[in-house]
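Given next are the chains, with one letter for each unit.
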Amino acid sequence: MIFPFNGKAVILARGLGSRMRAAGDGALDGAQAQYADAGIKGMIPVGRPFLDYGINALADAGCRRICLVIGPEHDVIRNYYSSLKTTRIEISFAIQQQTLGTADAVLAAKEFIGNERFLMVNSDNIYPVEALQRLVAMSGSGLIGFDRKALITHSNIDAAKVKTYAILEVSAEHVLCRVVEKPEFVPDEALISMNCWSFTPIIFSACAKVDRSARGEYELQSAVQYSIDHLDETFRVEPFRGGVLDLSSRADIAPVTARLKGCAVNL
């Protein structure tokens, strides 16, 4: 079945921000410390709110309707984006009532998406416009597989951290077989998942079917695997050599601010 793409993207912004709330290196100004203490990573000012830059990249890639999945307590996000004057995008909100995992967060956006294909990304990453454009150009489900070496070279993410990321098992035809979380060994040629996806509405059926993981959450990678194993969904993996800006901890704020200096935002 072919699902139309009408410029919709979902950004998961509901996370608890546990690593950001933890004490760490890096001198923060008052506003940065306020949002870091609350774990609201997308609102941390790095020139302007970090999330603005991620939304700008989606707009550059051709997305026009953005849905932020937030918690009921995230009035600061809702108030900021509800009052923001935009010319290229429309911003909507979906509420994830409890922090029950990424599959549950995606499911919260079901009404916004309807019967269309959409992009899904994290709120604490800024992805290259070219990578997002490749997702827009897909005809179905898929994701960006980031080259491990290039990710280390072109990101603010060190090699030790990249080793903790999920890797992709991919067929010779560039089709996803499995997402491997917490791999014991990461080959140099491994493609890394940074949660940069194209989904069809089929993912909602899978998100509603998966069981909780060992840590008590409904995991998106479990929903993807359910889609592959039980719903005959095919995910194309698009290899990509490039970096991602990551805002996971307080130590990331200064280098991310430096990299974004002078970057224009047009929402």
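A short tour of the structure in this document, coming up. Bear in mind the structure is a predicted one, so any value in this text is a computation, not a measurement.

It is worth spelling out the packing of aromatic side chains at this point. Each aromatic ring pair is characterised by the separation of its centres together with the angle its planes make. Using the criterion set out here, one finds seven aromatic pairs in the structure. With centroids separated by 5.1 Å and ring planes inclined at 10°, the aromatic side chains of Trp 197 and Phe 199 adopt a geometry described as stacked. Each member of the pair, Trp 197 as well as Phe 199, carries the same accessibility label: buried. Here the aromatic rings of Trp 197 and Phe 235 are separated by 5.9 Å at their centres, their planes lie at 85°, and the arrangement is edge-to-face. Taken together, the residues span a long stretch of sequence, with Trp 197 in strand β9 (residues 191-199) and Phe 235 in the loop between α11 (220-230) and β10 (236-240) at a distance of 38 residues. Each residue in the set Phe 118, Trp 197, Phe 199, Phe 204 and Phe 235 is aromatic and connected to the rest through ring pairs, giving one cluster. For the cation-ring pair, Lys 8 lies above Phe 112, with the distance from its terminal atom to the ring centre recorded as 5.1 Å.

As a further point, take the nonpolar core. Grouped together as the largest cluster of nonpolar side chains are 56 residues, with contacts concentrated most on Ile 55, Ile 66, Leu 68 and Phe 146. With seven residues, helix α3 (residues 50-60) is the single largest residue contributor to this core. Ignoring anything within four residues of it in the chain, the contact list for Ile 66 reads Ala 9, Ile 11, Ile 55, Leu 58, Ile 89, Glu 90, Ile 91, Ser 92 and Phe 112. Listed in part, the 32 residues of the second largest apolar core include Val 10, Ala 109, Ile 203 and Val 237.

Where α3 meets helix α7 (residues 129-136), the axes come as close as 8 Å, and the angle between the chain directions of the two elements is 50°. Here α7 runs oblique to α3, going by the angle between their axes. As for the relative orientation of α3 and α7, their crossing is right-handed in sense. Counted together, Ala 57, Leu 58 and Asp 60 of α3 and Val 129, Leu 132 and Gln 133 of α7 form the full contact between these two elements. Across the contact of α3 with α7, the residue classes break down as four nonpolar, one polar and one charged.

Taken as a whole, this structure holds 16 salt bridges when the rule is applied. Residues Glu 169 and Arg 178 are paired through a salt bridge, measuring 3.0 Å at the closest nitrogen-oxygen approach. You can call Arg 178 partly exposed: its relative accessible area is 38%.

Counting buried residues along strand β2 (residues 65-70), five of its six residues qualify, which places the element largely inside the surrounding structure. By the bridge criterion, five bridges tie strand β1 (residues 5-12) to β2 in an arrangement that is parallel. In the sheet register, Lys 8 faces β2, and the bridge partner there is Arg 65. Note: β2 against strand β3 (residues 90-95), six bridges, orientation parallel. Its bridge partner lying in β3, Arg 65 is registered against Glu 90. Each parallel crossover has a hand, and for β2 linked through helix α4 (residues 75-83) to β3 it is right-handed.

In contact at an axis separation of 8 Å, helix α10 (residues 202-209) and α11 are set at 115° when each is read in the N-to-C sense. As judged from the angle between their axes, α10 and α11 are roughly perpendicular. Where α10 crosses over α11, the two elements pack in a sense that is right-handed. Residues Ile 202, Ile 203, Ala 206, Cys 207 and Lys 209 of α10 form the contact with α11, whose participating residues are Leu 220, Ala 223, Val 224, Tyr 226 and Ser 227. Within the contact of α10 with α11, the residues separate by chemical class into eight nonpolar, one polar and one charged.

All right, on to α10 then. Taken together, the buried positions of α10 are Ile 203, Phe 204, Ala 206 and Cys 207. Buried residues of α10, viewed axially, fall in a sector of 160°; they line one side. Across from the buried face of α10, at angles greater than 90 degrees, the exposed residues are Ala 208 and Lys 209. Against α5 (102-107), α6 (110-113), β4 (117-122), β9 and α11 lie the buried residues of α10.

Criteria and thresholds
Residues numbered from 1 in each chain as written. Predicted model: local features only at pLDDT ≥ 70, side-chain atom pairs only at ≥ 80, totals over all residues. Heavy atoms only, no water. Phe/Tyr/Trp six-rings, centres within 6.5 Å; stacked < 30°, edge-to-face > 60°. Buried < 20%, exposed > 50% of the residue type's maximum accessible area, 1.4 Å probe, protein only. Helix = DSSP H or I, 4+ residues; strand = E, 2+ residues; numbered from the N terminus. Lys NZ or Arg CZ within 6 Å of the ring centre and 35° of its normal. Core = buried A, V, L, I, M, F, W, Y, C linked by side-chain atoms within 4.5 Å. Contact = heavy atoms within 4.5 Å. Axes fitted to C-alpha atoms, helices over the stretch in contact; angles between N-to-C directions. Parallel < 35°, antiparallel > 145°, perpendicular 65-115°, else oblique. Left-handed = near helix turned anticlockwise from the far one by under 90°. Nonpolar A, V, L, I, M, F, W, Y, C, P; charged D, E, K, R; others polar. Salt bridge = Lys/Arg side-chain N within 4 Å of Asp/Glu carboxyl O. Pairing = 2+ DSSP bridges. Right-handed = clockwise from strand over helix to strand, strands pointing away. Arc of directions from axis to C-beta.

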